[in-house]
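Inside the fold
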Amino acid sequence: VSEEYIKNGKSRNKKALILNRRLRYHRLYLLSNLAYDNLLDDNLVSFDMEMVVNVGFLESIRNLKLQNRYITNDEFFDKTIIGYSQLLKLNKRTLDYESLDDVIGLGYESKELYENTYFSIVTETLFDDDEWFVSEKTFKPIIQLHPFVIVGSPHTLKYLKSYGFKTFDKWWDESYDEIENSNDRMLAVYDTIQTLIKKSTDEWDIIYNEM
């Protein structure tokens, strides 16, 4: 990593980059809890509530919880309900592209978004414990030399490491990747995300120099 890259890292005024297109369950859980915890403004975030995939989201997740599926933790679930209403009021946040329908695959990312944030929160295409998929969403921060946390299927980091990629367990807890239960993995990765967002710029500068 060049000295110029490290220098640029020290001038970043937002913590995380969180790019979202189609709003699936796990992305809405994440964004709703960030909204509830007043953490959206600390990050560069894109979403459009017109692109919610699961129509009737609140009714759907209530039914899933009654079936003891997906997110079952009471506190996280209740925060999701309240935070979701906050997202509906915000409606839309865009960064480099006003129309998120136009953003498809690699080559649509803007390097300035990565240069102005410390790490990426990658909301992969799939999340549930019986699904598995790694898309271009994971490789975008790699191409941009951007540290990342993955909100996705279990063992995604393990898969990347099997191909020789290094991840970031030296600097933060990546044990979420080993958790196969969807509820427990979401709670663990959200705890890691909160911890990283709440780090000071001085702490992040030290991390970047070490990396």
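Up top is the structure these notes are about.
Sequence order as written defines the numbering, with residues in each chain counted from 1. Only residues with pLDDT of at least 70 get local features here, since the model is predicted, and only at 80 or more are side-chain atom pairs given and counted; chain-wide, interface and lining totals rely on the full set of residues. Side-chain measures here rest on the full set of heavy atoms in the structure, leaving out hydrogens and waters.

Some remarks on a nonpolar patch on the surface
Operational definition: Patches were defined on residues exceeding 30% relative accessible area and lacking a salt bridge, with like-charge contacts within 9 Å and nonpolar side-chain contacts (Val, Leu, Ile, Met, Phe, Trp, Tyr) within 5 Å. Residue burial considers only the protein chains on display, and all accessible areas are found by Shrake-Rupley using a 1.4 Å probe. One speaks of a salt bridge when a side-chain nitrogen belonging to Lys or Arg is within 4 Å of a carboxyl oxygen belonging to Asp or Glu. Comment: elements are numbered from the N terminus, with helices defined as DSSP H or I runs of at least four residues and strands as E runs of at least two. Three labels apply to residues, based on accessible area from a 1.4 Å probe with only protein chains included: buried if under 20% of the type maximum, exposed if over 50%, partly exposed otherwise in between.
A contiguous nonpolar patch, built from Trp132, Tyr159, Tyr163 and Phe165 and spanning about 430 Å² of accessible area, is present on the exposed surface. Here Phe165 is to be found in the loop between helix 7 (156-162) and helix 8 (182-197). Its relative accessible area of 32% is what places Phe165 among the partly exposed residues.

Some details on the pattern of salt bridges
Within the structure shown, the criterion is met by seven salt bridges. Notably, a salt bridge pairs Asp48 with Lys92, separated by 4.0 Å at the nearest N-O pair. Of the two residues, Asp48 is situated in strand 2 (residues 44-48) and Lys92 in strand 3 (residues 92-93); the sequence distance between them amounts to 44 residues. By sharing partners, the salt bridges in this structure join Lys161, Asp169 and Glu174 into a single network.

Notes on the sheet that holds strand 1 (residues 14-19)
This is how the line gets drawn: When DSSP finds two or more bridges between two strands, those strands count as paired.
Strand order in this open sheet of five strands is 3-2-1-4-5, and the pairing throughout is mixed. With partners counted over all chains shown, the strands left at the sheet margins are strand 3 and strand 5 (148-151), one partner each. Bridge count between strand 1 and strand 2: three bridges; the pairing is parallel. Paired with Leu19 across the strands is Ser46, a residue of strand 2.

As for the nonpolar core
In plain terms, the rule: Only buried Ala, Val, Leu, Ile, Met, Phe, Trp, Tyr and Cys residues count toward a nonpolar core, and they belong to the same one when joined by side-chain atoms within 4.5 Å. In this analysis, two residues are considered to be in contact whenever any of their non-hydrogen atoms come within 4.5 Å of each other.
Membership of the largest hydrophobic core comes to 50 residues, with the highest contact counts inside it found for Tyr29, Leu34, Phe119 and Ile193. If you tally residues by element for this core, the top one is helix 2 (residues 25-36), at seven residues. Dropping the residues within four chain positions of it, Tyr29 is found in contact with Ile61, Tyr70, Ile71, Phe76, Phe77, Thr80 and Met186.

Structural notes on helix 6 (residues 136-143)
Basically, it comes down to this: Arc definition: it is the arc formed by the directions from the helix axis to the C-beta atoms. Between N or O atoms, a polar contact is any pair within 3.5 Å; within protein, one atom must be a potential hydrogen donor and the other a potential acceptor, and residues adjacent in sequence are included only when both atoms are from side chains.
Regarding helix 6, the residues found buried are Thr138, Lys140 and Pro141. Taken end-on, helix 6 shows its buried residues confined to a sector of 155 degrees, consistent with a single buried face. Taken together, the buried residues of helix 6 touch helix 5 (111-115), strand 4 (117-123), strand 5 and helix 7. Put simply, Ser135 is the residue that caps the front of helix 6, since its side-chain oxygen is 3.1 Å from the backbone nitrogen of Lys137. Two residues or fewer past helix 6, Leu145 is found with a positive phi of approximately 55 degrees.

A short note on the environment of Leu30
Secondary-structure assignment places Leu30 in helix 2. Classification of Leu30 by relative accessible area gives buried; the value is 0%. A C-alpha to C-alpha distance of 8.3 Å links Leu30 and Met186, two positions 156 residues apart in sequence. Sequence-distant contacts of Leu30, defined by excluding residues within four places in its chain, comprise Ile18, Ile121, Thr123, Val151, Tyr190 and Ile193.

So far we have only geometry, and geometry alone does not tell us how the molecule works.
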